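Examination of the molecular architecture
The lines below spell out each chain.
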Amino acid sequence: MVRVENLSKRYGRHWALDNVSFEVPDGCVYGFVGPNGAGKTTTLKILATLLEPTSGRAWVGGAEVTTSPYAVRRKIGYMPDFFGVYDDLRVLEYLEFYASAYDIDLSRKEQLFQDLLALVDLEDKADAYVDTLSRGMKQRLCLARCLVHDPDLLILDEPASGLDPRARVEMRGLLKELGKMGKTVIISSHILTELSEICTDIGIIHNGRLVYSGPVADAMNRMTRGRDLEIACLGPIAPACAFLAAYQGVRQVKTIGDQLLQVAFEGDREAQSRLVADLVGAGIAITSFREVGGNLEDVFMQLTAEVAGR
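These remarks concern the structure in this document. (Residues numbered from 1 in each chain as written. Predicted model: local features only at pLDDT ≥ 70, side-chain atom pairs only at ≥ 80, totals over all residues. Heavy atoms only, no water.)

Take threonine 49: it is sitting in the loop between α1 (40-47) and β4 (55-60). Excluding anything up to four places from it in sequence, threonine 49 contacts Val65, Pro69, Val72 and Arg73. (Helix = DSSP H or I, 4+ residues; strand = E, 2+ residues; numbered from the N terminus. Contact = heavy atoms within 4.5 Å.)

With that out of the way, let us pick up the pattern of salt bridges. For the structure shown, the criterion picks out 8 salt bridges. A salt bridge links glutamate 5 to arginine 3, with the nearest nitrogen and oxygen atoms 2.4 Å apart. Exposure remark for glutamate 5: the relative accessible area of 33% places this residue in the partly exposed category. Linking arginine 74 and aspartate 103 is a salt bridge whose minimum nitrogen-to-oxygen distance equals 3.7 Å. Residue arginine 74 is located in helix α2 (residues 69-75), and its partner aspartate 103 is located in the loop between α3 (91-101) and α4 (106-119); the two are separated by 29 residues in the primary sequence. For aspartate 103, a relative accessible area of 61% puts it in the exposed group. Taken together, the salt bridges that share partners define one network made up of Arg140, Arg166 and Glu170. (Salt bridge = Lys/Arg side-chain N within 4 Å of Asp/Glu carboxyl O. Buried < 20%, exposed > 50% of the residue type's maximum accessible area, 1.4 Å probe, protein only.)

According to the stated counting rule, one finds 7 aromatic pairs in the structure shown. Grouped by ring-pair contacts, the aromatic residues Phe22, Tyr30 and Phe32 constitute a single cluster. Sitting over the ring of tryptophan 59, arginine 3 keeps its end group 4.0 Å from the ring centre. Positioned above the aromatic ring of tyrosine 98 is the side chain of arginine 145, whose terminal nitrogen or guanidinium carbon lies 4.9 Å from the ring centre. (Phe/Tyr/Trp six-rings, centres within 6.5 Å; stacked < 30°, edge-to-face > 60°. Lys NZ or Arg CZ within 6 Å of the ring centre and 35° of its normal.)

What follows concerns the side chain of glutamate 64. Tracing the sequence through the fold places glutamate 64 in strand β5 (residues 63-64). There is no salt bridge for the buried glutamate 64, and the closest opposite charge comes from arginine 57, which lies 4.0 Å off by N-O distance. Only 2.5 Å separates the side chain of glutamate 64 from the side chain of threonine 66, close enough to count as a polar contact. Within the structure, glutamate 64 has its side chain in polar contact with the backbone nitrogen of threonine 67 (distance 2.9 Å). (Lys, Arg positive; Asp, Glu negative; His and termini not counted. Polar contact = N/O pair within 3.5 Å; in protein donor to acceptor, adjacent residues only side chain to side chain.)

Here we come to the sheet that holds strand β11 (residues 228-233). Pairing in this open sheet of 4 strands is antiparallel, and the strands run β12-β13-β11-β14 from one edge to the other. Looking at which strands have only one partner, the edges of the open sheet turn out to be β12 (250-256) and β14 (286-292). The average angle at which neighbouring strand axes cross in this sheet is 20°, direction not considered. Sheet topology note: the β12/strand β13 (residues 260-265) ladder contains 6 bridges and is antiparallel. Paired with glutamine 252 across the two strands is alanine 264, which belongs to β13. (Pairing = 2+ DSSP bridges. Axes fitted to C-alpha atoms, helices over the stretch in contact; angles between N-to-C directions.)

It is worth spelling out α3 at this point. Within the span of α3, buried status applies to Val91, Tyr94, Leu95, Tyr98 and Ala99. When α3 is viewed along its axis, its buried side chains cluster within an angular range of 130° and face the same direction. Check the buried side of α3 and you find it contacts α4 and α5 (135-146). Directly after α3, the chain includes aspartate 103, whose backbone phi takes a positive value near 55°. (Arc of directions from axis to C-beta.)

Moving on, we get to the packing of α3 against α4. With their axes 11 Å apart at the nearest point, α3 and α4 run at an angle of 120° to one another. On the basis of the axis angle, α3 is oblique to α4. Every pair of crossing elements has a handedness; the one defined by α3 and α4 is right-handed. Counting all contacts with α3, which are made through Val91, Leu92, Leu95, Glu96, Ala99 and Ser100, the residues of α4 involved are Lys109, Phe113 and Leu117. (Parallel < 35°, antiparallel > 145°, perpendicular 65-115°, else oblique. Left-handed = near helix turned anticlockwise from the far one by under 90°.)

Below, the discussion takes up the pairing of strand β2 (residues 14-24). Relative to β2, strand β1 (residues 2-11) runs antiparallel, the two sharing 7 bridges. Across the sheet, residue valine 2 finds its bridge partner in β2, namely valine 24. Here β1 folds back onto β2, and the loop between the two strands holds 2 residues, one of which, glycine 12, carries a positive phi near 65°.

The biggest cluster of nonpolar side chains holds 49 residues, and the ones touching the most others in it are Leu141, Leu143, Leu156, Leu175, Ile187 and Ile204. Apart from residues lying up to four places away in sequence, leucine 175 is in contact with Leu143, Leu156, Pro159, Ile187 and Ile198. Residues Ala38, Ala58, Tyr78 and Ile155 belong to the second largest nonpolar core, which totals 26 residues. (Core = buried A, V, L, I, M, F, W, Y, C linked by side-chain atoms within 4.5 Å.)

The next thing to look at is unusual backbone geometry. A positive phi angle, close to 55°, is found at asparagine 6, a residue other than glycine. Mapped onto the elements of the fold, asparagine 6 is located in strand β1. We classify asparagine 6 as partly exposed; its relative accessible area is 42%. In the Ramachandran plot, aspartate 121 falls in the positive-phi region, its phi being about 60° despite a non-glycine side chain. Its place among the elements puts aspartate 121 in the loop between α4 and α5.

In this section: the environment of valine 29. Relative to the helices and strands, valine 29 resides in strand β3 (residues 29-33). Here valine 29 falls in the buried class, since its relative accessible area comes to 4%. Beyond its immediate sequence surroundings of up to four residues, valine 29 is in contact with Gly179, Val185, Ile187, Ile198, Cys199, Thr200 and Asp201.

Given below as structure tokens:
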């Protein structure tokens, strides 16, 4: 769906983007993560045809963003980090305005608006003025507006920015639903916990440079080499301690209570699976086995530290 090759953007002497390349497959939910000022918004504005790169190229659905901007705009729904709404319009009038801008067939509009408002849970606000909506409702309305022309790609820049905890949960649920509908979605955020339950793929950007791009599972597997494991045993733990102390890749074994072990292990996910099988094969009954920690924040910290040479 999206292909970016050697994209760079310079403001004066500052390089906001430095030779960034990545791909977003069809149907995936792609989390574009990094701290404020890392280059996320600049990248998304280029993909949305609102900003021209200094060098490099990008394509959306086969259309090049600088040479075919109108074709790209037909394929995308773009929600900026600071969006504008027309406060003196009613909710239906707001959607009507954007539907007209996309030449939506008049015979489809009524059902389309009903479906969109149902999707974003604003059915009871159809006749309300936009300025009476809460911030979370306005965010959801803007998302409905992005979907009015049924785009192939949604580009959402910090969609949960400024929302209260309840509104954030509602927004996450809505984004999950869009993923289930088969939409390709790019979501930028500097709050990694917001993306951990939503994204299939991630791109990590730091100081204008892409640190990692690919499936979340691959990033977690890369990071989990050297993770701590928590193993709960049924019965005495002395046999498990002795077994693990001699096991290849185990650096340290700690006991926590009478039936719980914390194991520092150097293996990846496949090695962890073999470890469990070997424990069971040795006659040690295991009631639970899990990694301690391990999330997108850990991935981000490890990968950016590797780039910094620490």
